[in-house]
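# A look at the structure
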Number of protein chains: 2
Amino acid sequence: VIDYPPAIRRLIQAFRQLPSVGPRSAERFALHLLGTDPHAAETLGQTILETRKAVRPCRACGFFAESELCPICENPQRDSTLACIVAHPAEVLAIEKSGAFRGRYFVLGGLLSPLDGVGPEELRLDRCFAELESRGVTEVILGLGADVGGETTGLYLAGEIKKRGWTVTRLATGIAVGGDLEFVDSVTLGRAITDRKSL
Amino acid sequence: VIDYPPAIRRLIQAFRQLPSVGPRSAERFALHLLGTDPHAAETLGQTILETRKAVRPCRACGFFAESELCPICENPQRDSTLACIVAHPAEVLAIEKSGAFRGRYFVLGGLLSPLDGVGPEELRLDRCFAELESRGVTEVILGLGADVGGETTGLYLAGEIKKRGWTVTRLATGIAVGGDLEFVDSVTLGRAITDRKSL
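Here's what I pulled together on the structure shown here. (Residues numbered from 1 in each chain as written. Chains lettered and ligands numbered in written order. Predicted model: local features only at pLDDT ≥ 70, side-chain atom pairs only at ≥ 80, totals over all residues. Heavy atoms only, no water.)

Moving on, we get to the sheet that holds strand β6 (residues 167-170) of chain B. Residues and elements named next belong to chain B. Taking strand neighbours across the sheet as the criterion, the four strands line up as β4-β3-β5-β6 in an open arrangement whose pairing is parallel. Looking at which strands have only one partner, the edges of the open sheet turn out to be β4 (103-107) and β6. Along the sheet, successive strands turn relative to each other by an average axial angle of 25 degrees, direction set aside. Relative to strand β5 (residues 139-142), strand β3 (residues 79-86) runs parallel, the two being bridged by four bridges. Of the residues in β5, the one forming a bridge with leucine 82 is glutamate 139. Packing against the sheet, helix α6 (residues 125-135) makes contact with β3, β4 and β5, and its axis sits at approximately 165 degrees to β4. (Pairing = 2+ DSSP bridges. Helix = DSSP H or I, 4+ residues; strand = E, 2+ residues; numbered from the N terminus. Axes fitted to C-alpha atoms, helices over the stretch in contact; angles between N-to-C directions. Contact = heavy atoms within 4.5 Å.)

Below, the structure written as structure tokens:
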């Protein structure tokens, strides 16, 4: 049976490595790049290679940077004594969009997951604490998700942070602003009642 | 407000050019490539560039080829007097999978669409007929979809083919094999009744 030439099959295979891309989408991506516009493939291929070369982790916090430091760590207006630890770079952007945080970040690059063999060494938490120490932090906010991985990692980090005499806080849990009570899961609702605020 | 570095924003923009890729998917693709595996981006970028260089249209039929001719046109066992005209390369594979066709193809690269300014010149139909002539075809099957574009293009091609004294046929329309009658649209069902076969 005739199939696509080997080069196209390799391309389809390469696209399948992207998150949530199945065989049909990968085939459509490949055919699109081989289709009408002769520059489409070159543009995408070059951009991928150039971006990978241009972008590196910020030496101080691990967020994306195009030089030694990211724009946040380079900004002298940011409060170096206040740190927020997050799991992934995308979460830095989410918190920045809120406009509610004026400190600096540390991106772990993942969460503790003992069952997958990801312990404190694999996350290189010693590097994290050395960095926070060098900044002279006084408070560390755990900007982690309220799921199992986030809770596990937060518990471990909180212990280590307290050992060093720094204040440790976590993001408040509760109902979403503008959310309908009917659709809030019962655990979240339970926490929101426990953590209720006086008016 | 802090955003991704320019290089990452360019990469997200490049991914958005792929079919059905929205801003969220494009962002996930970009972050994936900048994530844990340092080779993922290089592999995908290189594969895109190499595939674009390695693959060209078959000189005879327009299907994908890695040399002058595609494997189908190179195969002396294929019947050169029987041609099947299709709109896109992917349709060659679909027909090959059926195992029911032993002739050779011609890939138009699109369909006539007068409203979008795609006429016989834009599809370079003169090249199509010159090629079929050089093969000495006696029958041309229109392997086009049963939608508006397919019907329009088929009508035009049928006239040109008849002018040249070749037999012209089209794919049979009717209910799908294994399909449930309940879900067949009424136009298809109407055609299937008109085109009924005696047993």
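Looking now at the pairing of strand β5 (residues 139-142) of chain A. Each regular strand carries side chains that alternate between the two faces of the sheet. Residues and elements named next belong to chain A. Pairing of β5 with strand β6 (residues 167-170) involves four bridges; the strand directions are parallel. Within the sheet, the bridge partner assigned to isoleucine 141 lies in β6 and is threonine 169. Following the backbone out of β5, through helix α7 (residues 148-163) and into the adjacent parallel β6, one traces a crossover that is right-handed. (Right-handed = clockwise from strand over helix to strand, strands pointing away.)

What follows is about the packing of aromatic side chains. Applying the stated rule across the entire model yields nine aromatic pairs over all chains. Relative to phenylalanine 29 of chain B, the ring of phenylalanine 29 of chain A has its centre 6.2 Å away and its plane inclined at 70 degrees; by these criteria the two rings are edge-to-face. Remark: phenylalanine 29 of chain B occurs in helix α2 (residues 23-34) and phenylalanine 29 of chain A occurs in helix α2 (residues 23-34); the pair is interchain, linking two chains. Accessibility classification places phenylalanine 29 of chain A together with phenylalanine 29 of chain B in one group, the buried group. Seen in terms of ring centroids, phenylalanine 15 of chain B and phenylalanine 29 of chain B are 5.4 Å apart; in terms of plane orientation they differ by 75 degrees. Their pairing is edge-to-face. Of this pair, phenylalanine 15 of chain B sits in helix α1 (residues 6-15) while phenylalanine 29 of chain B is found in helix α2, placing the two residues 14 residues apart along the sequence. Among the aromatic residues, those joined into a ring-pair cluster are Phe15 and Phe29 of chain A together with Phe15 and Phe29 of chain B. (Phe/Tyr/Trp six-rings, centres within 6.5 Å; stacked < 30°, edge-to-face > 60°. Buried < 20%, exposed > 50% of the residue type's maximum accessible area, 1.4 Å probe, protein only.)

Sheet strands pair by backbone hydrogen bonding; their relative direction is either parallel or antiparallel. All names here are of chain A. Here four strands make up an open sheet; going across it, the order is β4-β3-β5-β6 and the pairing parallel. Edge positions in the sheet fall to β4 (103-107) and β6, since each has one partner strand and no second. Mean inter-strand twist for the sheet, computed between neighbouring axes without regard to direction, equals 25 degrees. Along the sheet, α7 makes contact with β3 (79-86), β5 and β6, crossing β5 at roughly 175 degrees.

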